[in-house]
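Below are the chains, spelled out letter by letter.
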Amino acid sequence: MITNQETGTRVDEVAAGVYRICTPLDVIPGGFTFNSYLIADDEPLLFHTGYRKLSSITLEAISKVMPVEKLRWIGGSHFEGDEYGALNDLLAAAPEATPFGAEIGVLTSLNDFAARPARGLGDGEEFAIGSRRMKWLYTPHVPHGWDCGILFDLFTQTLLCGDLFTQPGANLAPVTESEVLTASEGMRGMMDYYAHATSTSATLERLAGLGPTLLACQHGSAYRGDGAALIRELAAAIESGSAKLSQPPRALTA
Ligand SMILES: [Fe+2]
Ligand SMILES: [Fe+2]
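What comes next is a walk through the structure. (Residues numbered from 1 in each chain as written. Chains lettered and ligands numbered in written order. Predicted model: local features only at pLDDT ≥ 70, side-chain atom pairs only at ≥ 80, totals over all residues. Heavy atoms only, no water.)

1. A closer look at the coordination of the iron ion (ligand 1)
Then, number 1: Taken together, His78 (NE2), Glu80 (OE), His144 (NE2) and Asp163 (OD) make up the protein donors of the iron ion (ligand 1), found 1.9 to 2.2 Å from the metal.
Then, number 2: Angles of 89 to 161° at the metal separate the four donor atoms of the iron ion (ligand 1), which places the site in the irregular class.
Then, number 3: Glutamate 80 sits in the partly exposed class, given a relative accessible area of 33%.
Then, number 4: The exposure class of aspartate 163 is buried, given its relative accessible area of 4%. (Donors = N, O, S within 2.8 Å, 3.2 Å for Na, K, Ca; no water. Tetrahedral: all angles 85-135°; square planar, octahedral: opposite > 155°, others 65-115°. Buried < 20%, exposed > 50% of the residue type's maximum accessible area, 1.4 Å probe, protein only.)

Right, here's the structure in full:
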């Protein structure tokens, strides 16, 4: 469903009760998508707020699924504009919502930025939002950010995997069953957005161990299939250095 004709924002249910809110932006040649995921349950949860400047667009999209004021949890993978920029506008629209993120992210950024105190989640922490349980895994520096973490919906086996498997392009299907690694490796080669952490392989293996059946990427299509296998392929590609930069990252040369 298109929720805003001007921006091309759309909402699609990509797993039971998991709604992908997608806004394309012309930030790189060929376009790029910014996704938030709304999980509808007794205590509705939003993962990634989108940019502050798009807050009215994101609020409009949420309102097509449920009343915005019912939101109870608003979080993100790590503290950047596309993950948390609209947080305070959303908190204003949803008076009962609590921000959340990694414990270290709450300490370094969230509790300074957010209009209300945030909940810091510990590695492996689970919490119920109604009929389903969510699990937080702390993934420091993978792909980037000391405060980086991901959220796993144990009910639908959906990994809200943030900037992992980032794919370029504006007109991508909400969900694909074709692998997304080739496209995301092209992006990694172009932008070098990984932190080159020594713990990367071990962290990715922990995520693979969850056995996700849907990889809900923040940028690009969600991937339905053997998520563990694709994560292990990513780890192998990183280990082999197959996406080594052939030229300086575009962000530095622009
Ligand atoms: Fe990021
Ligand atoms: Fe992002």
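2. A few points about the state of the cysteines
Then, number 1: Tallying each qualifying case throughout the model produces zero disulfides.
Then, number 2: Not part of a disulfide, cysteine 22 finds its nearest cysteine sulfur in cysteine 217, a span of 11 Å.
Then, number 3: By relative accessible area, which is 4% here, cysteine 22 ends up buried.
Then, number 4: The closest cysteine sulfur to the non-disulfide-bonded cysteine 161 is located on cysteine 217, 4.1 Å from its own sulfur. (Disulfide = S-S within 2.5 Å.)

3. Quick notes on the coordination of the iron ion (ligand 2)
Then, number 1: Binding of the iron ion (ligand 2) to the protein goes through Asp82 (OD), Glu83 (OE), Asp163 (OD), Gln218 (OE1) and His219 (NE2), at separations of 2.1 to 2.5 Å.
Then, number 2: All donor residues of the iron ion (ligand 2) come from one chain, and their arrangement in sequence is D-E-x79-D-x54-Q-H.
Then, number 3: Between the iron ion (ligand 2) and the iron ion (ligand 1), the interatomic distance is 3.7 Å, and aspartate 163 donates to each metal, bridging them.
Then, number 4: Look at aspartate 82 and you get buried, because its relative accessible area is 8%.
Then, number 5: Among the residues examined, glutamate 83 registers a relative accessible area of 0% and is labelled buried.

4. Side note on unusual backbone geometry
Then, number 1: In this structure, the amide linkage connecting valine 142 to the following residue, proline 143, adopts the cis form with an omega of 0°.
Then, number 2: Counting through the fold element by element, proline 143 comes out in the loop between β10 (133-138) and β11 (149-153).
Then, number 3: Phi angles above zero are rare outside glycine, and histidine 141 is one such case at about 70°.
Then, number 4: In this structure, histidine 141 sits in the loop between β10 and β11.
Then, number 5: For histidine 141, a relative accessible area of 31% corresponds to the partly exposed category.
Then, number 6: Of note, the phi angle at aspartate 192 is positive, near 50°, even though the residue is not glycine.
Then, number 7: Inspection of the secondary structure puts aspartate 192 in the loop between α5 (181-191) and α6 (200-208). (Helix = DSSP H or I, 4+ residues; strand = E, 2+ residues; numbered from the N terminus.)

5. Considerations on the packing of α5 against helix α7 (residues 227-240)
Then, number 1: It is at 11 Å that the axes of α5 and α7 come closest, and there the two elements cross at 35°. In this structure, the crossing between α5 and α7 has a hand that is right-handed. Residues Leu181, Glu185 and Arg188 of α5 pack against Leu230, Glu233, Leu234, Ala237 and Ile238 of α7.
Then, number 2: Partitioned by chemical class, the residues of the contact of α5 with α7 number five nonpolar, no polar and three charged. (Axes fitted to C-alpha atoms, helices over the stretch in contact; angles between N-to-C directions. Left-handed = near helix turned anticlockwise from the far one by under 90°. Contact = heavy atoms within 4.5 Å. Nonpolar A, V, L, I, M, F, W, Y, C, P; charged D, E, K, R; others polar.)

6. Let's talk about the pattern of salt bridges
Then, number 1: By the definition in use, this model includes 10 salt bridges.
Then, number 2: Notably, a salt bridge pairs glutamate 126 with arginine 133, separated by 3.1 Å at the nearest N-O pair.
Then, number 3: Across the salt bridge formed by glutamate 177 and arginine 224, the nearest N and O atoms sit 3.8 Å from each other. Residue glutamate 177 is found in the loop between β13 (175-176) and α5, and its partner arginine 224 is found in strand β15 (residues 222-224); the two are separated by 47 residues along the sequence.
Then, number 4: Sharing partners across several salt bridges, the network here consists of Asp41, Arg132 and Asp153. (Salt bridge = Lys/Arg side-chain N within 4 Å of Asp/Glu carboxyl O.)

7. Quick word on the environment of glutamate 233
Then, number 1: Along the chain, glutamate 233 falls in helix α7.
Then, number 2: Classification of glutamate 233 as partly exposed rests on a relative accessible area of 44%.
Then, number 3: Each C-alpha atom, one on glutamate 233 and one on valine 68, is 38 Å from the other, the two residues being 165 residues apart in sequence.

So, to be careful, I would describe these as geometric facts and stop short of saying anything about function.
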